Amino acid sequence: MKIAVIGQSLFGQEVYCHLRKEGHEIVGVFTIPDKDGKADPLGLEAKKDGVPVFKFPRWRARGQALPDVVAKYQALGAELNVLPFCSQFIPMEVIDAPRHGSIIYHPSLLPRHRGASAINWTLIHGDKKGGFTVFWADDGLDTGDLLLQKECEVLPDDTVSTLYNRFLFPEGIKGMVEAVRLISEGKAPRLPQPEEGATYEGIQKKETAKINWDQPAEAIHNWIRGNDKVPGAWTEACGQKLTFFNSTLNTSDLVPEGEDLLIPGAHRPGMVTKAGLILFGNDDRMLLVKNIQLEDGKMIPASHFFKGAASSALELTEAEVITAEAVRSAWQRILPSVPDIEDSTDFFKSGAASVDVVRLVEEVKELCDGLELENEDVYMATTFGDFIQLLVRKLRGEDEENECVIDYVEKAVNKLTLYIPHQLFIGGMFVDAEGTKTYDAINPTDGSVICQVSLAQVSDVDKAVAAAKDAFENGLWGKISARDRGRLLYRLADLMEQHQEELATIEALDAGAVYTLALKTHVGMSIQTFRYFAGWCDKIQGCTIPINQARPNRNLTLTKKEPVGVCGIVIPWNYPLMMLSWKTAACLAAGNTVVIKPAQVTPLTALKFAELTLKAGIPKGVINILPGSGSLVGQRLSDHPDVRKIGFTGSTEVGKHIMRSCALSNVKKISLELGGKSPLIIFADCDLNKAVQMGMSSVFFNKGENCIAAGRLFVENSIHDQFVQKVVEEVKKMKIGNPLDRDTNHGPQNHQAHLKKLLEYCQHGMKEGATLICGGNQVPRPGFFFEPTVFTDVEDHMFIAKEESFGPIMIISRFADGDVDTVLSRANATEFGLASGVFTRDINKALYVSDKLEAGTVFVNTYNKTDVAAPFGGFKQSGFGKDLGEAALNEYLRVKTVTFEY
């Protein structure tokens, strides 16, 4: 169709561009005159395309259409007028002129909120649903017949900007294009607007935006967010007009401790706290305001209201001076009416509008290699000098304004003062779960409550995935070089090392890990893992491939390895930090973003890790951590359409369920490390003392809570009794006790339910006739302690011969002297294949057995010897895919083939 586009703004520009892509002929664009030498984006875009652009200051005078204006419009022969956003009054001679009439976009669900401030009033009234309408223009005020409507949920903390940017802008563009498509196909409805429920509200202006304090907190919050950013809800306090922005009712964990701010007419004084300004409604409920604009136009964090002048100005380096001059040029382009941009030049007082904020932010991001900069930053530093100071602080990593507020749980343990985060970590912030749901984190040493931890809900998963997706698609993470990505991971590893005693102590508290083992393995290997994969970041390469040439032309084919996108990682409770590191380090090195679900019973080291990622400078949204249940959080990650990869360590049963969900949702990439029943074969020709030592480690390491633990030992008949005797002697030497004691060998089991399963497991063994040599009982002391246990005379049909205990239970079976093939057959007679081991001095036998064992890892004359450079993963129902080593990177990459012809 031949279309005339009448309107302005970036929204009008996008609608114009999309209509052209649809194949419509734009015969003319009518927009507003230039302001301060700046053309509207819609007119600029049309001019580039050679489309006639008209900038009438007005269309009518004294209530009558201007004949020359109407004549210029009619000469274009438009069949439809499209008004995406128009601030001018268009006469009916133009509205009714085209064959198909005119359609208008309105940002509310008509007939509700007719008028020019519809988005503001949607929020002010606390509507739970918002949306937009495309309607047929008539001579009334937003009263024309309905053509199309789309609705969305209004979130509790939405502002005009967030609602517009999240839904009204992107979906509105699609809606306008869809409406034109329906008209061109002759399918566009004309539904009369009902008068029931109709409202009309006037334009919100600064003078009418003063806050009425005699109302509940929710109404005050709605008034503030409904006027955020324009015109801005304000009050008088401290002898000046203060305008409030970024309001929230999410104050459940806030303690009103700070300095009072007296506000005339308010039910109670406000309170300036480290989190912001707490305000009170007449119902005594709280709301929190995060930013305040002073009367001189300067925007400050509300928490800084009573602070003195900002710290002294930074002295710029030579490189920073060059950057500042480039930014000065950007200001000059945006503010052409200002002869010289000086430090005192105010962006908004010089004529900049909200559209110019977007332009400035995008230009500076491009100048500074994708630096994280938000529209809010421009409002916080409105003069050029302040803006450059803010920008340099960000470039140096000193952006104190965006410092994350962390509500720590403080514990004095192990001669340390621990500061433990306990909330969800989403988008670089620690936040409460939806509905402020929490659960108790239990210390397995004595059964006491460590703290309450936020319990993630399905809506929290959606927020975390959205944050990760935005960080992947739009954030700094995808724009920095691979080498810089590696530098951030190295920095994270260094911070983990600096905090290793704290991390190991938390691991002992939360998971019952023996402190000395946690220091060396749980934490030590985590640090090594991040350092190893940091080194891989700039070595992920594709290749060139010779293919048949398309003669007489030639071809070049190459492959690129790309990150898959948002990944979900679900980790177990036995090595909380180490399992997180094994998967997350490879995932991040490949360039992905991630949502991590730690085990519900062991979330605390993951949350401390989250804090360290902030200190390392990992961009917000790249890493998100959600303590919660597998049935809610894990399931939603598996089902979520924006998650492209799941990495899971856990049981085979749950792994199968996740695999099914990943297939049915969006055919996610998946890697699984599942259950095991790892065989360890001990031949008579072994070094017996070493076999006993390693056999003990293969079972009792980390209290038996070890995915590759030797689930069954096959001992050659001629040394069987001697081996058992030595093992029992060693078991008696083990000290069971507080995992924080340096001489403890054996700490508590991870949680009470697991302890109960171990007791039931031993009952199974005894009932089926296996011989209990030692152990098998709960230790009579507080906490979840279980005795190291040894069973012999275990036959192949028994439950304990086939099923994994995941605890400190040694299962010993004999095999006939010299019968290598039979014991191999017995060892492989399991659906699991995670790890295995063999002890023998005969190299030929060792090689033969390692070839025949059906497991992802075979240990020869050692056990538990994993390394960050060696791939780790199982066969059969122990899963597929690899952690660690170069192979792990491929789990988080996709290969793209590109072919050129020349």
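Procedures and definitions
- Residues numbered from 1 in each chain as written.
- Predicted model: local features only at pLDDT ≥ 70, side-chain atom pairs only at ≥ 80, totals over all residues.
- Heavy atoms only, no water.
- Buried < 20%, exposed > 50% of the residue type's maximum accessible area, 1.4 Å probe, protein only.
- Helix = DSSP H or I, 4+ residues; strand = E, 2+ residues; numbered from the N terminus.
- Right-handed = clockwise from strand over helix to strand, strands pointing away.
- Pairing = 2+ DSSP bridges.
- 1 Å grid on protein atoms, 1.4 Å probe; cavity = no way out; pocket = protein on both sides within 12 Å on 5 of 7 lines; lining within 4 Å.
- Points joined across faces, edges and corners; volume = space filled by probe spheres on them.
- Nonpolar A, V, L, I, M, F, W, Y, C, P; charged D, E, K, R; others polar.
- Core = buried A, V, L, I, M, F, W, Y, C linked by side-chain atoms within 4.5 Å.

Per an unreviewed UniProt entry, the recorded name for the chain is 10-formyltetrahydrofolate dehydrogenase, and the organism is Heterocephalus glaber.

Participant: What should I look at first to understand the pairing of strand E25 (residues 566–570) in this one?
Facilitator: Looking along a regular strand, one sees the side chains alternate between the two faces of the sheet. Where burial is concerned, most of E25 is hidden: five out of the five residues are buried. Neither face of E25 is open: one carries Val566, Gly568 and Val570, the other Cys567 and Ile569, and all of them are buried. Tracing the backbone out of E25, into helix H16 (residues 576–589) and back to the parallel element strand E26 (residues 593–597) gives a crossover that is right-handed. As paired strands, E25 and strand E28 (residues 643–649) are joined by five bridges and run parallel to one another. Residue pairing for E28: Val570 is matched across the bridge by Phe648.

Participant: Looking at this structure, how should I read the layout of surface pockets?
Facilitator: Summary: where empty space remains is shown by rolling a probe the size of a single water molecule over the atoms. Roughly 1,200 Å³ of internal volume is contained in the second largest pocket. Taken together, 42 residues line the second largest pocket, and the ones lying closest to its centre are Trp573, Gly650, Ser651, Val654 and Lys757. When contributions to the lining of the second largest pocket are tallied by element, the ones reaching two or more residues are helix H18 (630–639), E28, helix H19 (652–666) and helix H22 (752–767). Looking at the lining of the second largest pocket element by element, the count peaks at six residues for H22. Residues of the lining of the second largest pocket, tallied by class, amount to 17 nonpolar, 18 polar and seven charged.

Participant: How should I be thinking about the sheet that holds strand E23 (residues 544–545) in this particular structure?
Facilitator: Paired through backbone hydrogen bonds, the strands of a sheet run either parallel or antiparallel to each other. Here three strands make up an open sheet; going across it, the order is E23-E24-E40 and the pairing antiparallel. Edge positions in the open sheet fall to E23 and strand E40 (893–901), since each of these has one partner strand only. Bridging between strand E24 (residues 555–563) and E40 involves nine bridges; their strand directions are antiparallel. Its bridge partner being in E40, Asn555 is matched across the sheet by Glu901.

Participant: Whenever I open this one, the nonpolar core confuses me. Can you help?
Facilitator: Note that soluble globular proteins tend to have their nonpolar side chains buried in a common cluster. Among the nonpolar cores identified, the biggest contains 110 residues, and Ile682, Leu713 and Phe723 are the most heavily contacted of them. Considering every element that reaches this core, the biggest residue donor is H16, with ten residues. Counting residues in hydrophobic clusters, the runner-up holds 36 residues, among them Cys17, Val134, Leu147 and Val154.

Participant: Sorry if this is basic, but what is going on with empty space enclosed by the protein here?
Facilitator: Tallying each qualifying case throughout the model produces four cavities of 30 Å³ or more. The space that makes up the largest cavity amounts to roughly 110 Å³. At the level of elements, strand E31 (710–716) and strand E34 (809–815) are the ones that each hand at least two residues to the lining of the largest cavity. Lining the second largest cavity are 15 residues, with Pro679, Phe832, Gly833, Ala835 and Glu854 sitting closest to its centre. Counting only elements with at least two residues in the lining of the second largest cavity, the list comes to strand E30 (678–682), helix H24 (820–828), strand E35 (832–833) and strand E36 (835–839). Counted by class, the lining of the second largest cavity contains seven nonpolar, five polar and three charged residues.

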